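One-letter residues, chain by chain:
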Amino acid sequence: MDNEKDIKEVEQNTANLQESAEQKTAEEKSEVNQETTSEQTEVTEQKAEATEDAIVASEEKDTGKTVDEKALHSEEDLEERHEEDHEDDHDEEIDYTTLSKEELVELIKSLAKEDKFIKAEKIAREIKPLFDEIRNAEREDALKKFIANGGVEEDFEFKNDELANRFDANFKLIRDRKNEFVRTREQQKDKNLKRKQEILERLREFVDSEETNISFDDFKALQDEWKSIGQVPGAYARTLWANYNALIDRFYDNRSIYFELKELDRKKNLEGKLELCQRAEDLSNQENLKEAIKELNELHHEFKHIGPVPKEDQEPLWQRFKAASDAVYDRRRAFVENLKGELEENLKVKEELVEEVQAFTSYDSDRIKEWNNKTKEILDIQKKWEATGGLPRAKAKDINKRFWGAFKTFFNNKNAFFKRLDAGREDNLIKKKELLEKAVELKESTDWQKTAEAFKRLQREWKEIGPVPEKQRGIYKDFKAAADAFFENKRANNKELEKEFEQNLQEKVKICEQIEAMADNKADDLDAFRELRDNYMDIGFVPRKNISEIKSKYAEAVDKYINSLEGISNEDRQRIRLENQLNRIVQGPNADQKLYRKEQSIRKQISKVESDIALWKNNIEFFAESKTADKMKDEFNEKIQSAQGQLKNLKQQLKIVRTAN
């Protein structure tokens, strides 16, 4: 609903644009009555403006000075300010670079409702590059994500969000309102020109008339009407003003009958201008220089339009008014010079702070404490920055952009770190919840050994996963409670198991002794040996401290028995050993994997022997008939026969392994 409201508001403002501009122009009639009097005035004003641009550029942010310091040589130099060119002169320089995207949209919405169209358009042009910079950054991020998800840059299409659409709509409205205002104002100037030309014709009729009974009040009414008319196109202003003054002088000179009235009028004008002189002199004591300059402008306007004074008072009166104006301008010049020095000192300090804050743009860490310490450092720098004061306008924008750009970069990096941290902790929480579920399922298990190993794996995985969000850290208590419950049950059961393990140990020792006895008696009963071997494997666990001891005892007994067998070849002994080894593997954990690895090992040996045999046979064919060659052939044939015997044995081993598997 807010979006629709904004759009309707923009449309309504557009529809009322013409009416607002005409009302604005009507209001300005009473405020803006400027005509240039001579080429000298125009040149003087241009020089004053150029001088002011050079001086005031460094102070406007903090002082808001609004008056062009023009050389005052005569009353004709008391030109009025164009409101449309200076309607925002009293506003302080604002740094918009720190505003967020939402804040920029709110700002341009308020500007779209502003009655000062030129000021609003100026600010809008100033903030648009800042908004475009944010929009371009969002586009780059979206493009990177699009490419990261497998897209092609040529297929990428970026669509503005609602905030961007609202900004663009309000920016266009502001431009349209300003253009319409300027167009309407120029039309009004043309109308004013036509009205003043008509007044000049009527004044000529008064001046050229030979009648002496023309109403002086009618003449004054024409003067008042002239003053009430607003600006005219600049190309006609000087000529109109010169013609008007010439006709006024001719009227008074040609109407001696009204001389006394003229003198009375001039004396009245003298009183008005003397009052203005006093008010101008009082401004030199006013503490608020900004208000003094503003009021002096208004006095210039009044002084110019009051009308002529007696000739003998013109020059003294003018010199007094000029001296009062110069006194205010002198104060302003001194203030500007002093301010320039302060701003330059501020510039040096802030340039150092800019360099200092640049180091924070590349800072990175994986520790929260280090990020917090760095944040305190950059906030201390910010306090120094804010306490330093204003900058020369020519360099303020660049310095502010560099400082706040680095400032934003640091906090963007910090926010990205905490987002990654939070995302990682959320993932950790999910993983730990899965481990907790497994722990709860296992805590009542009575398969002690297997479950104990499972719990150890869960505990290792728990430590490897990493931290979870602080509010969820109670999950560890639940996990620990499940583990403690299982191991408490296991410990209670261990006393019975120890008795069983001791009994298993005695039985295994007994079997080892029986195998050794068979070896001592040189018994060739392999079936009896295999039965003892199987019985040994069927016996359960022994105490942990005796595992290595009983394994060594059993291996020595088996080896002793196999070596004691008579009438069998080494290949048969090796086969018996292999059977015994395979039997242990089958009875142990991960039997399938171990048998597979054993089979692959034998296959590699077979492949190598076959390759060697083929190579040797191939080499024999190249030997020539000679005693040396025959000797070498015999050596290769012996190698081949030995390898074939080895190959036969390996194939028998492979057959046994495959049978076991």
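Residues numbered from 1 in each chain as written. Predicted model: local features only at pLDDT ≥ 70, side-chain atom pairs only at ≥ 80, totals over all residues. Heavy atoms only, no water.

Peer 1: Explain the overall build of the chain here, please?
Peer 2: What the chain contains, in helices and strands, is 22 helices and 0 strands. Per-residue burial over the chain gives 39% buried out of 661 residues. Restricting the contact set of the chain to residue pairs at least 6 apart, pairs at least 24 apart contribute 78%. (Helix = DSSP H or I, 4+ residues; strand = E, 2+ residues; numbered from the N terminus. Buried < 20%, exposed > 50% of the residue type's maximum accessible area, 1.4 Å probe, protein only. Contact = heavy atoms within 4.5 Å.)

Peer 1: Would you mind going over helix H9 (residues 216–228) with me for this structure?
Peer 2: An α-helical turn contains 3.6 residues, so any two residues separated by three or four positions project in the same direction. A rise of 1.5 Å per residue sets the reference length of H9, with its 13 residues, at 18 Å; its end C-alpha atoms lie 18 Å apart and thus fit the reference within 8%. Residues of H9 that are buried include every one of Phe 216, Phe 219, Leu 222, Gln 223 and Trp 226, and no others. When H9 is viewed along its axis, its buried side chains cluster within an angular range of 120 degrees and face the same direction. (Expected span 1.5 Å × (residues − 1). Arc of directions from axis to C-beta.)

Peer 1: Would you mind showing me how to read the packing of helix H15 (residues 393–442) against helix H17 (residues 475–520) here?
Peer 2: Two quantities define a packed helix pair, namely the angle between the axes and the distance from one axis to the other. For the pair H15 and H17, the least separation of the axes is 9 Å and the interaxial angle reads 25 degrees. Considering their axes alone, H15 and H17 lie roughly parallel with respect to each other. In the crossing of H15 with H17, the sense of the turn from one axis to the other is left-handed. Facing H15, whose interface residues are Leu 429, Lys 432, Lys 433, Leu 435, Leu 436, Ala 439, Val 440 and Leu 442, H17 presents Ile 475, Asp 478, Phe 479, Ala 482 and Phe 486. Its residues assigned to classes, the contact of H15 with H17 comprises 10 nonpolar, no polar and 3 charged. (Axes fitted to C-alpha atoms, helices over the stretch in contact; angles between N-to-C directions. Parallel < 35°, antiparallel > 145°, perpendicular 65-115°, else oblique. Left-handed = near helix turned anticlockwise from the far one by under 90°. Nonpolar A, V, L, I, M, F, W, Y, C, P; charged D, E, K, R; others polar.)

Peer 1: Mind showing me how you'd approach the packing of aromatic side chains here?
Peer 2: For any two aromatic rings, the description comes down to two numbers: the centre-to-centre distance and the angle of the planes. Going through the model one piece at a time under the given rule, you end up with 27 aromatic pairs. The interplanar angle of 20 degrees and the centroid separation of 4.1 Å between the aromatic rings of Phe 303 and Phe 321 together place this pair among those described as stacked. Placement of Phe 303 in helix H12 (residues 289–306) and of Phe 321 in helix H13 (residues 311–358) is noted, with a sequence separation of 18 residues between them. As far as the burial class goes, Phe 303 and Phe 321 line up, both buried. Ring centres of Trp 371 and Phe 417 lie 5.6 Å apart, and the angle between their planes is 25 degrees; on these two criteria the pair is classed as stacked. (Phe/Tyr/Trp six-rings, centres within 6.5 Å; stacked < 30°, edge-to-face > 60°.)

Peer 1: Is there a simple way to think about the side chain of Thr 97 in this case?
Peer 2: Inspection of the secondary structure assignment puts Thr 97 in the loop between helix H5 (83–86) and helix H6 (101–112). The exposure class assigned to Thr 97 is buried, which follows from its relative accessible area of 15%. Ignoring anything within four residues of it in the chain, the contact list for Thr 97 reads Leu 130, Asn 400, Trp 404 and Lys 408.

Peer 1: What should I look at first to understand the nonpolar core in this one?
Peer 2: Most often, soluble globular proteins have nonpolar side chains that are buried together. Ile 378, Trp 385, Phe 403 and Phe 410 are the most contacted members of the largest nonpolar core, which has 21 residues in total. When residues of this core are traced back to their parent elements, those giving at least two are H13, helix H14 (368–388) and H15. Counting residues per element, this core draws most heavily on H15, at 10 residues. Once you skip the residues sitting within four places of it in the chain, Phe 403 turns out to touch Leu 353, Val 354, Val 357, Ile 381, Gln 382 and Trp 385. (Core = buried A, V, L, I, M, F, W, Y, C linked by side-chain atoms within 4.5 Å.)

Peer 1: So what exactly am I meant to see when it comes to the side chain of Asn 504 here?
Peer 2: Structurally, Asn 504 can be placed in helix H17. Exposure remark for Asn 504: the relative accessible area of 8% places this residue in the buried category. If we skip the residues at most four places from it in the chain, Asn 504 touches Ile 539, Gly 540, Phe 541 and Val 542.

Peer 1: How should I be thinking about the pattern of salt bridges in this particular structure?
Peer 2: Between side chains of opposite charge, a pair can form as their charged atoms come close. What the rule picks out here adds up to 27 salt bridges. Of the charged contacts in the structure, one is a salt bridge between Arg 279 and Glu 302, with a shortest N-O distance of 3.8 Å. Of the two residues, Arg 279 is situated in helix H11 (residues 259–282) and Glu 302 in helix H12; the sequence distance between them amounts to 23 residues. With relative accessibility at 31%, the residue Glu 302 sits in the partly exposed group. Taken together, the shared-partner salt bridges connect Lys 128, Asp 132, Arg 135 and Asp 168 into one network. (Salt bridge = Lys/Arg side-chain N within 4 Å of Asp/Glu carboxyl O.)

Peer 1: What should I look at first to understand the packing of H17 against helix H18 (residues 526–538) in this one?
Peer 2: Two elements in contact, H17 and H18, have axes whose closest approach is 10 Å; the angle formed by their N-to-C orientations is 165 degrees. Our classification of the angle between H17 and H18 gives roughly antiparallel. Regarding H17 and H18, the two cross each other, and that crossing is left-handed. Of the residues in H18, those touching H17 at Lys 508, Ile 511, Cys 512, Gln 514, Ile 515 and Met 518 are Ala 528, Phe 529, Leu 532, Asn 535 and Tyr 536.

Peer 1: Help me out: how do you make sense of H18 in this one?
Peer 2: With 13 residues, H18 extends 18 Å between its outermost C-alpha atoms, agreeing within 8% with the 18 Å of an ideal straight helix rising 1.5 Å per residue. Buried within H18 are the following residues: Phe 529, Leu 532, Arg 533, Tyr 536 and Met 537. Angular distribution of buried residues about the axis of H18 spans 140 degrees; they occupy a single face of the element. Of the exposed residues in H18, the ones pointing more than 90 degrees away from its buried face are Asp 527, Glu 531 and Asp 538.

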